[in-house]
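# Fold and contact review
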Amino acid sequence: MQKKRIAFHTLGCKLNFSETSTISRQFGMEDFEIVDFEQEADVYVVHTCSVTATAEHKCKTSIKQAHKRNPGAKVAVIGCAAQANPVMFLRMEGVTWVLGNEDKFRLEELVKKQEHSGLFPEENDDSGGLTGNHADSIREVSDISKTRQFIPSYSMNDRTRSFFKVQDGCDYFCTFCSIPYMRGRSRSESVENTLQVAREIAATDIKEIILTGVNIGDFGRQNGERFMDLLIRLDQLEGIDRIRISSIEPELLADEIIELVSKSGKLLPHFHIPLQAGTDKVLGLMKRKYKREVFANRVASIKSLMPQACIAADVIVGFPGETAEDFEEACTFIESLDITYLHVFSYSERPGTRALQFEGKVDEKEKRRRSQGLHEISEKKKQAFYESQLGKSFNVLWESDHVNGFMHGWTENYIHVRTPFNPEFINQVIPVKLMSVTRVKELICDVML
Ligand code: SF4
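Conventions used here
Residues numbered from 1 in each chain as written. Predicted model: local features only at pLDDT ≥ 70, side-chain atom pairs only at ≥ 80, totals over all residues. Heavy atoms only, no water. Helix = DSSP H or I, 4+ residues; strand = E, 2+ residues; numbered from the N terminus. Near = heavy atom within 4 Å. Nonpolar A, V, L, I, M, F, W, Y, C, P; charged D, E, K, R; others polar. Pairing = 2+ DSSP bridges. Disulfide = S-S within 2.5 Å. Buried < 20%, exposed > 50% of the residue type's maximum accessible area, 1.4 Å probe, protein only. Salt bridge = Lys/Arg side-chain N within 4 Å of Asp/Glu carboxyl O. Phe/Tyr/Trp six-rings, centres within 6.5 Å; stacked < 30°, edge-to-face > 60°. Axes fitted to C-alpha atoms, helices over the stretch in contact; angles between N-to-C directions. Contact = heavy atoms within 4.5 Å. Expected span 1.5 Å × (residues − 1).

## Focus: unusual backbone geometry
Despite not being glycine, phenylalanine 173 has its phi angle at roughly 55°, a positive value. Residue position: phenylalanine 173 is located in the loop between strand E9 (167-168) and helix H6 (179-183).

Below is the structure:
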C-alpha cells in the first residue's frame, strides 16, 4: 500500500508545538510520510489556538488553505479552538476530524481506523473521496474540565532545542483567560516519570530543553511534589547541556528556585514572568494572585544573584477598567523594573471568561496606542541590556539556519547572536565574546569566537 502523506501546521504556544511533535511521531514511518504543510498531502492536521480572536481566525485560514491545496485531502482540526468551537469547524469544507485537547492524542488511531475502513480516496480516484460530505466526520471533544490525563510531549523539529511539556492546565481562572476552559485542570506526571521522558530527550542530539506548561510552577501539586523537586533532578541530568524554564507565575517563582538557577551550570539565567498589569487595581480585576510589589521583589531577587539574567514579562493592555491614568501608572512601574523586554498583548474578549461582563471597555485605537507605548519601553530596555553585556563572554548554542551568510544562536541569558555561517558550529555550544549590537529586523549581537 502506498504511504499516505500527512502534513502538520501548528498555531499558538510552545505547548502546542511540543504536542504536535509528539503526535506526528505517533504516525511512524511505515504507513505515513510527513510532508510540509505547503505541499500536497492526503491528511492535513491543523493544531489550533484560541487565545485571541485573531488566533482563531488564523486557524480557519489554515484549514481553507489546506483544503484548497488538495480538495481531496482530509483535514483534522485539533486543540484549543477545536475544543471551544467544534461545530463551527465540522461545518468547514474538507474537515473530517475535530478533536479536543484530550482527544487529539488519539488522532493516529482515528486516522488509521478510517484508512483501514477504505474511506481514503485511492490514487487516480477522481471522485475527491468523501470530502465535503460530512457523513463520515468525527467529532471527539471530551469534557476537558474532567480530564486528569497528562501526556508528556516534546518537540524535535529543530535539532538543537526541544520544548518539553511537563505540565498542562490551570486552576487559576484569571478573569481574562480562557485557557483553563480549553486545557482543563492543572496536572502533571510524577517527577520520576517526567525524568524518564527527559532521559529520552537526553539520548538524542538535543542540547537544550525548554520546560513548558500552562502554569509550570504548579507542577507536581497533585502528586505532593514541587516544581523545585523536578528542577533539582533535572539539574543532574546527563546528556543535556542547558535547561530553560519558560513562563512561571511570579508568586510561584520561589527564592529557592532562583537560588538553584544561580548555582546551576545547566539551568539558565533566563526568566519569563507574566506581570499582565502594572497596577494593583487592574491585577485585582484580573484576579491575579499577587500585587505588583511581589513581581518587583522577584525581579530584585533574580538580579541580586544573577545581574546578567534576562527577564521577560508579559503585559496585557486595554483590559476593561484600565483607564489612561492606570496605564500611565503601569508604564512608570514597568520602566522602574530591571527587566529585559516585554511581550505585549492587547486585551481580547474570550467567550466564557468573567471579564466579558466588566465595564470600562477600552476601544481598539486606544489599545493600539498603549501597545505601541509598551513596545517602545521594551525596545529601549532590550537595547540597554544588550549594550550592557558587550565585551562579556558567553556560551552560545548555534542553530542550523543560514541567512544572508550568517548563522544564529542564543547565549545562556537569551541574547540573540550571529556569526558568519560555519556548518561545523551547528548544534555546538561555543564560547564567544559579544562585540557589537546591530539591528536586522530585531536586535542582534555580533560576536568574536
Ligand atoms: S495563570 Fe491565569 S493567565 Fe495563566 S493560564 Fe492560568 S488562568 Fe490563564
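## Topic: the site of the ligand
The environment of the ligand is made up of Cys170, Tyr172, Phe173, Cys174, Phe176, Cys177, Pro180, Val214, Glu249 and Arg288. Looking at side-chain class alone, the shell around the ligand contains 8 nonpolar, no polar and 2 charged residues.

## Some remarks on the pairing of strand E2 (residues 32-35)
Side chains on a regular strand alternate between the two faces of the sheet. Where strand E1 (residues 4-10) and E2 come together, 4 bridges link them in parallel fashion. By the bridge assignment, alanine 7 is partnered in E2 with valine 35.

## Let's talk about the state of the cysteines
What the rule picks out here adds up to 0 disulfides. Considering cysteine sulfurs only, cysteine 59 is the nearest to cysteine 49, which forms no disulfide, with 6.3 Å between them. A relative accessible area of 10% places cysteine 49 in the buried class. Looking at cysteine 445, it has no disulfide partner, and the nearest cysteine sulfur is the one in cysteine 310, 12 Å off.

## Side note on the pattern of salt bridges
Applying the stated criterion across every chain, the model contains 36 salt bridges. Where aspartate 171 meets arginine 221, a salt bridge forms, and the shortest distance between an N and an O atom there is 2.6 Å. Of this pair, aspartate 171 sits in the loop between E9 and H6 while arginine 221 sits in the loop between strand E11 (208-212) and helix H8 (227-234), and the two are 50 residues apart along the sequence. Since its relative accessible area comes to 46%, arginine 221 is described here as partly exposed. The partner of glutamate 256 in a salt bridge is arginine 226, with the nearest N and O atoms 2.8 Å apart. Placement of the pair is glutamate 256 in helix H9 (residues 255-263) and arginine 226 in the loop between E11 and H8, with a sequence separation of 30 residues. Given the relative accessible area of 39%, arginine 226 is considered partly exposed. Bridged by salt links that share partners, the residues Glu19, Lys104, Lys165, Asp168, Arg183 and Arg187 form one connected network.

## Points about the packing of aromatic side chains
Taken as a whole and judged by the stated rule, the model has 11 aromatic pairs. When the ring of phenylalanine 8 is compared with that of phenylalanine 27, the centres are 6.1 Å apart and the planes differ by 65°; the resulting orientation is edge-to-face. Placement of phenylalanine 8 in strand E1 and of phenylalanine 27 in the loop between helix H1 (14-26) and E2 is noted, with a sequence separation of 19 residues between them. For the residue pair phenylalanine 8 and phenylalanine 27, the accessibility class agrees, reading buried in each case.

## Thoughts on the sheet that holds E2
Across the sheet, which stays open at both edges, the 6 strands sit in the order E2-E1-E3-E4-E5-E6 with parallel pairing between neighbours. Two strands in the sheet have a free side with no partner beyond their single neighbour: E2 and strand E6 (138-140). Between one strand axis and the next, the sheet turns by 20° as a mean value, whatever way the strands run. The pairing of E1 with strand E3 (residues 43-48) spans 5 bridges and is parallel. Its bridge partner being in E3, phenylalanine 8 is matched across the sheet by valine 45. Its contacts with the sheet put H1 on E1, E2, E3 and strand E4 (74-79), and the angle it makes with E1 is roughly 170°. Sitting on the sheet, helix H5 (residues 107-116) touches E1, E2, E3, E4, strand E5 (95-99) and E6, and the angle it makes with E5 is about 150°.

## Points about H1
Along its 13 residues, H1 runs 19 Å from first to last C-alpha, staying within 8% of the 18 Å computed at 1.5 Å per residue. Of the residues making up H1, those classed as buried are Leu15, Asn16, Ser18, Glu19, Thr20, Ser21, Thr22, Ile23 and Ser24. One or two residues past the end of H1 sits glycine 28, with phi positive at roughly 65°.

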